[in-house]
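Spelled out from the first residue to the last, the chains are:
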Amino acid sequence: MIELYRGLDRKDECILNAIFDNMWDFEYVPVHAIARECGISEEKIELALKKLGGMRITENKYTEYLGASFTFKGLSVFSLKRLVNKNAVSMLGNIMGEGKESVVYNAMSERYGEVVVKFHRVGYPSFKKVKEKRDYGSLHYTVLTVRSAKREYNALKKLYGYASVPQPVAWEGNAVVTRLIDAKELFRVKISNPGDVLDMILEEIKKMYARGIIHGDLSQFNILVNSDGVWIIDFPQSVDTKDPMAQEYLERDVKNVLDYFERTYRLKKDLKEVMKYIKDET
Ligand SMILES: Nc1ncnc2c1ncn2[C@@H]1O[C@H](COP(=O)(O)OP(=O)(O)O)[C@@H](O)[C@H]1O
Ligand SMILES: [Mg+2]
């Protein structure tokens, strides 16, 4: 990632900006649109795109014209560049985790200290699936990915200070930066006071609900714990409590948590009672 980043000059940077600005309108952004935005000749843009394509930063395609879109790597390098430019990140560290829909790095920020940079890649490999095609038309997966990052950042912004979530630091493109929490995922640890921890988690779900947000993908993988408490992470699937699917998602989130504690710690709580508690109907 860092090597790719260093290999970019000002012209490349302008090209990446132009692709980003136009990707909402074009699956492959035409050379003439990039040339116009950068004030550089089409021939020079074509040459630069060949280089960027070779670096796997852009995917170039000839239709009636030559056009370019981001690869996941390209979008991530672009987003990182913007984060560095605005001083949110000063150094990228090691990969902390790599999932189907994201790659997460340790990083340093002069302003915030140790942070985590999460590069989203929603819809990337499975984008050609019929269902998604129908839902999103010809929108490129990069658009979906940026939307996912934005949704996560907005949810964190809304929740931070009200519920126990990582502090959001910045969002650019497909990257969301949060402050590092020194804690482990719930599924990795054997806790000695599961009853207390379960109550703390349910209280967080209740606080998030009161703030108008349902996580939508809650499980032992998206809850961090240490001796100080619990944190809820990973919000790209979150929905507003007014969403038509809200109640279904909330119940699924709660059920995931209750099932995990029952399975792992033989702790049983009644789903209906817990739902009432969360919605403040008791
Ligand atoms: N702010 C954070 N502090 C500490 N670890 C984090 C933080 N954000 C993410 N992580 C780590 O990265 C992993 C993946 O992040 P997550 O947001 O759950 O993305 P996904 O599960 O979609 O890949 C988490 O399970 C956790 O170990
Ligand atoms: Mg996760």
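Preceding this paragraph is the structure being described.
Residues numbered from 1 in each chain as written. Chains lettered and ligands numbered in written order. Predicted model: local features only at pLDDT ≥ 70, side-chain atom pairs only at ≥ 80, totals over all residues. Heavy atoms only, no water.

Draft legend 1. Representation of the pairing of strand 11 (residues 223-226). Across two bridges, strand 9 (residues 184-185) lies against strand 11 in antiparallel orientation. Across the sheet, residue K184 finds its bridge partner in strand 11, namely V225. Pairing of strand 11 with strand 12 (residues 229-232), which is carried by four bridges, proceeds in the antiparallel orientation. Across the sheet, V225 pairs through a bridge with V230, a residue of strand 12. (Pairing = 2+ DSSP bridges. Helix = DSSP H or I, 4+ residues; strand = E, 2+ residues; numbered from the N terminus.)

Draft legend 2. Structural context of the layout of surface pockets. In this structure, the largest pocket spans a volume of roughly 1000 Å³. Along the wall of the largest pocket there are 36 residues; nearest its centre are V104, E185, N222, I233 and D234. Secondary structure elements with two or more residues in the lining of the largest pocket: strand 4 (91-98), strand 5 (102-109), strand 6 (113-120), helix 7 (141-159), strand 8 (175-179) and strand 9. Two domains each provide a minimum of three residues to the lining of the largest pocket, namely domain 2 (75-179) and domain 3 (184-278). (1 Å grid on protein atoms, 1.4 Å probe; cavity = no way out; pocket = protein on both sides within 12 Å on 5 of 7 lines; lining within 4 Å. Points joined across faces, edges and corners; volume = space filled by probe spheres on them. Domains from an automatic or database assignment.)

Draft legend 3. Broad picture of the coordination of the magnesium ion (ligand 2). Every protein donor of the magnesium ion (ligand 2) is accounted for by N222 (OD1) and D234 (OD), and the metal-donor separations fall at 2.1 to 2.2 Å. On the criterion of sequence distance, the pair formed by N222 in the loop between strand 10 (213-214) and strand 11 and D234 in the loop between strand 12 and strand 13 (239-240) is long-range, its members being 12 residues apart. On the accessibility criterion, D234 (22% relative accessible area) is partly exposed. (Donors = N, O, S within 2.8 Å, 3.2 Å for Na, K, Ca; no water. Buried < 20%, exposed > 50% of the residue type's maximum accessible area, 1.4 Å probe, protein only.)

Draft legend 4. Local environment of the state of the cysteines. Summed over all chains, the structure comprises one disulfide. Each sulfur in the disulfide pair C14 and C38 lies 2.3 Å from the other. One disulfide, between C14 and C38, carries an S-S torsion of -110° and so falls in the left-handed class. With C14 in helix 2 (residues 10-22) and C38 in helix 3 (residues 31-38), the pair connects residues that are 24 residues apart, well separated along the chain. (Disulfide = S-S within 2.5 Å.)

Draft legend 5. Representation of helix 4 (residues 42-54) in the model. With 13 residues, helix 4 ought to run about 18 Å at 1.5 Å a step, and its terminal C-alpha atoms sit 18 Å apart, in line with that. Among the residues of helix 4, I45, A48, L49, L52 and G53 are the ones counted as buried. Summarising the axial view, the buried residues of helix 4 lie within an arc of 140°, below the 170-degree limit, and thus occupy one face. Turned more than 90 degrees away from the buried face of helix 4, the exposed residues are E43, K44, L47, K50 and G54. (Expected span 1.5 Å × (residues − 1). Arc of directions from axis to C-beta.)

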